[in-house]
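Remarks on the overall topology
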There are 2 protein chains.
Amino acid sequence: MSTSTALLTDHYELTMLSSALRDGTAHRPCTFEVFTRRLPDGRRYGVTGGTGRVLDAIENFTFGEAELAQLAEHRVVDEETLAWLRDYRFQGQIDGYPEGELFFPGSPLLTVRGTFAEAVVLETLVLSILNHDSAIAAAGARMVSAANGRRIIEMGSRRTHEESAVASARAAYLAGFTATSNLEAGRRYGIPTTGTAAHAFTLLHDSERSAFESQIAALGTGTTLLVDTYDITRGIELAVEVAGPELGAVRIDSGDVGVLARQAREQLDALGAKNTRIVVSGDLDEYAIAALRAEPVDGYGVGTSLVTGSGAPTAEMVYKLVEVEGRPVAKRSSHKESRGGRKAAVRRYKDTGTAVEEVIFQTAPGASEPVLGPHDRFLQIPLMRDGKRVADLPTLEDDRQRLRHALVTLPWEGLKLSHGEPAIPTTFHTA
Amino acid sequence: MSTSTALLTDHYELTMLSSALRDGTAHRPCTFEVFTRRLPDGRRYGVTGGTGRVLDAIENFTFGEAELAQLAEHRVVDEETLAWLRDYRFQGQIDGYPEGELFFPGSPLLTVRGTFAEAVVLETLVLSILNHDSAIAAAGARMVSAANGRRIIEMGSRRTHEESAVASARAAYLAGFTATSNLEAGRRYGIPTTGTAAHAFTLLHDSERSAFESQIAALGTGTTLLVDTYDITRGIELAVEVAGPELGAVRIDSGDVGVLARQAREQLDALGAKNTRIVVSGDLDEYAIAALRAEPVDGYGVGTSLVTGSGAPTAEMVYKLVEVEGRPVAKRSSHKESRGGRKAAVRRYKDTGTAVEEVIFQTAPGASEPVLGPHDRFLQIPLMRDGKRVADLPTLEDDRQRLRHALVTLPWEGLKLSHGEPAIPTTFHTA
């Protein structure tokens, strides 16, 4: 398998390139901007996710012999374009919101500067990554808020494409999830992985008791026993009988988990297993998690709803040409209007630290910048200079903390799970 | 990058394996079955997608030094298990519904037979692929039905994970889409790719005219010109002026595309461009496509709604242990009941060729098989024997034809886009 990401691209990027190389416009300096026109229906904030993966993917965006042969064979582009692609490496400038930063409609999430040729070919790949990872991160952040400090484990790999699963585990960790079930995410991103047993393990054995005995022998009494294969009450009784009161946790994966958790807590306490934790899973989303706040649940396992963005599987970001040779450009169609010109963004805060608004302004020479208050801050950071990744970029752990802090700055209604307006308004600053 | 798929797996598959190797149950012959308890809300049929990718992924499911080192370092499993994984290759039997076959609640889509150890570790990877690809294929099939013979192009790569994009293009082609924008899908699966230009190409140029001239010079008059960057009427006028009446097509990507298509057709006809086709794109789903049936639209470009499964981004299939050493097993919890025992399926048809019901029956020795009518047929085919792919499996083109024919056999209400019950009932045949 080639490690090149160059064909994870739409056909039209290369036909545009080909036409522009012929007519000479390919070398015009351009700025492309990634933003979203709106948040998913009723969502109050977006979470930037995937920026780190974008930088990795751009570094691997090169056309080797295999890629060039494919393009030649299918006559996607002409000889001149093939020759140009052979030497392609992105050498431009990229600035953007770091991962874990909140965003709102119009926020300039990523700004790519370079020649038209070198920047246009990145459109599809950049958007694929940001749209996916940001959608998962935003859903994850709502779930982490709902879990209110309790452990929350990502276990949705089986409900999404096998590679989306790895990226989803990463985005969930960014969002504050404790761990993932996905082993490849552990390898690729150093995320803690976890897991013990499924119902199949109990069914494999001659009895629930022998399954529990086997698991305790292999994984120790600190493990989590899945107690709902047959009868939950009997399962819990057996679990404590086999493991003793030091049993780490029991997991309940079906039924009315709130009621069952309460019963399980009483039963565990009565059996002397006061420190045995209760983990619930099975079709949980942020609403179900929130509804369990009053119940004695110690941890959540979340699958489908996380990896499908809990109703918003894509972030609907676009990658738009906003400046050509220093001149602002924008499409002028009926209802998909874009604002031309390269932009920057500032988030304004009250003295109390609460965010007030997202201010977006043009950076063109002569354009006025908004006057900064003492707590206001610029949102973009440099990511690539001359095609090289900037030194000392934040780590995934840094980004995880960034999100945790950013959520605290939202006005209180910004963390409500119900449908509503963006937590803060976006203002377009004009001179 | 390793080509191994072995870590695209949930942690608990390997802890179960480890426990089962210790207690000796790992080598028990088992049958796992993939099925779905229900179709997505209101859907009338499912479409099997991804089976070919599953077989590829199983062939690459091997633990090399890099994978073993990761598992050892993080103490996911013990030494004995590492040694076992080092030699792992799946050597069992797989039968299943071929791609493009319709399915219904309970249909045994894939049956994996082998030791517990060799079959349990495949759970996550098998489900990731089938859940994703089947969700996309089902959404795609509805769109193809709605397009009613008109060309329909997949262009959703930017709205989903970069690798899901490739698999989505494949699933869309299976569903009957004409082509894709995704170049990697062209390389990997031989799917036709297509594309011409985006709004950025027009904005790059000093005028719309120079952009059109450049594109025609590079791609010929048979190309598709995007006419809605500024004013559509002026854009169409200019397009025909530059390309002549032999212009291949115009594309409209925004606004009320139905009204605009009608106006465009009149204008093109008046300009003598009677053969110039009209392609529309921009937030189309199966409902929007159907609503355009009466309009002079020659082709559709579909993005977001396809790659997100049009409201159903995952197929919710499960991989359940149903038989251990010839003995049926099943979980007995409140509302997630499963039927034990290895199963097969027959689809019954009327003399007219219309499908009537999906009959599912146990294949255990002594169990009775349903009596077949002259038009009834078994739905599973052999896919792997002793870990080797069966010779002469159907190609993607075969599977595409299979789906086309299968949809014709549905009762008429089965093709309605509105919410409803499954098109045919599932019956569990008992002796």
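Fair warning: this is a prediction, and the values are worked out from it, not measured in the lab. (Residues numbered from 1 in each chain as written. Chains lettered and ligands numbered in written order. Predicted model: local features only at pLDDT ≥ 70, side-chain atom pairs only at ≥ 80, totals over all residues. Heavy atoms only, no water.)

**Observations regarding the interface of chain A and chain B**
Taken together, the contact pairs 99 residues of chain A with 99 residues of chain B. When chain A packs against chain B, close to 8,100 Å² is buried across both sides, 57% of that on carbon and sulfur atoms. Of all residues in chain A, Arg158, Leu183 and Leu204 of chain A bury the most surface against chain B, accounting for 10% of the area lost on that side. Inspection of the chain A/chain B interface yields 12 salt bridges. Residue Glu162 of chain B is joined to Arg53 of chain A by a salt bridge in which the shortest nitrogen-to-oxygen separation is 2.6 Å. Per-element tally for the side of chain A that touches chain B: the top contributor is helix α1 (residues 11-23) of chain A, with 10 residues. (Contact = heavy atoms within 4.5 Å. Buried area = accessible area lost by both parts, 1.4 Å probe. Salt bridge = Lys/Arg side-chain N within 4 Å of Asp/Glu carboxyl O. Helix = DSSP H or I, 4+ residues; strand = E, 2+ residues; numbered from the N terminus.)

**A closer look at the UniProt feature "domain: Nicotinate phosphoribosyltransferase N-terminal" (unreviewed entry) in chain A**
Mapped onto the present numbering, the UniProt feature "domain: Nicotinate phosphoribosyltransferase N-terminal" (unreviewed entry) falls on residues 7-131 of chain A. In residues 7-131 of chain A, helix accounts for 42% and strand for 18%; the two terminal C-alpha atoms are 18 Å from one another. (UniProt positions renumbered as here; feature names shortened; annotations may be inferred.)

**Topic: helix α3 (residues 65-73) of chain A**
Along α3 of chain A, the residues classified as buried are Glu67, Leu68, Gln70 and Leu71 of chain A. For α3 of chain A, the buried positions fall inside an angular range of 160 degrees around the axis, keeping them on one side. For α3 of chain A, the exposed residues set more than 90 degrees away from the buried face come down to Glu65 and Glu73 of chain A. In this fold, the buried residues of α3 of chain A make contact with α1 and α4 (79-86) of chain A together with α8 (183-189) of chain B. Arg75 of chain A occupies a position one or two residues after α3 of chain A and carries a positive phi of about 50 degrees. (Buried < 20%, exposed > 50% of the residue type's maximum accessible area, 1.4 Å probe, protein only. Arc of directions from axis to C-beta.)

**Quick notes on the packing of aromatic side chains**
If you walk through the whole model with that rule in mind, you get 14 aromatic pairs over all chains. Residues Phe61 of chain B and Phe63 of chain B carry aromatic rings whose centres are separated by 5.6 Å and whose planes lie at 85 degrees to one another, so their mutual orientation is edge-to-face. Chaining the aromatic ring pairs together yields one cluster made of Phe61, Phe63, Trp84 and Tyr88 of chain A. (Phe/Tyr/Trp six-rings, centres within 6.5 Å; stacked < 30°, edge-to-face > 60°.)

**A word on the relation of the copies chain A and chain B**
When chain A is fitted onto chain B, the two copies agree to an RMSD of 0.0 Å after a turn of 180 degrees and an axial shift of 0.0 Å. Such a turn and shift between the copies fits a two-fold axis. When the interface residues of chain A are mapped onto chain B, 100% of them again lie at the interface, so the same face is used by both copies. (Least-squares fit on C-alpha atoms with pLDDT ≥ 70 in both.)

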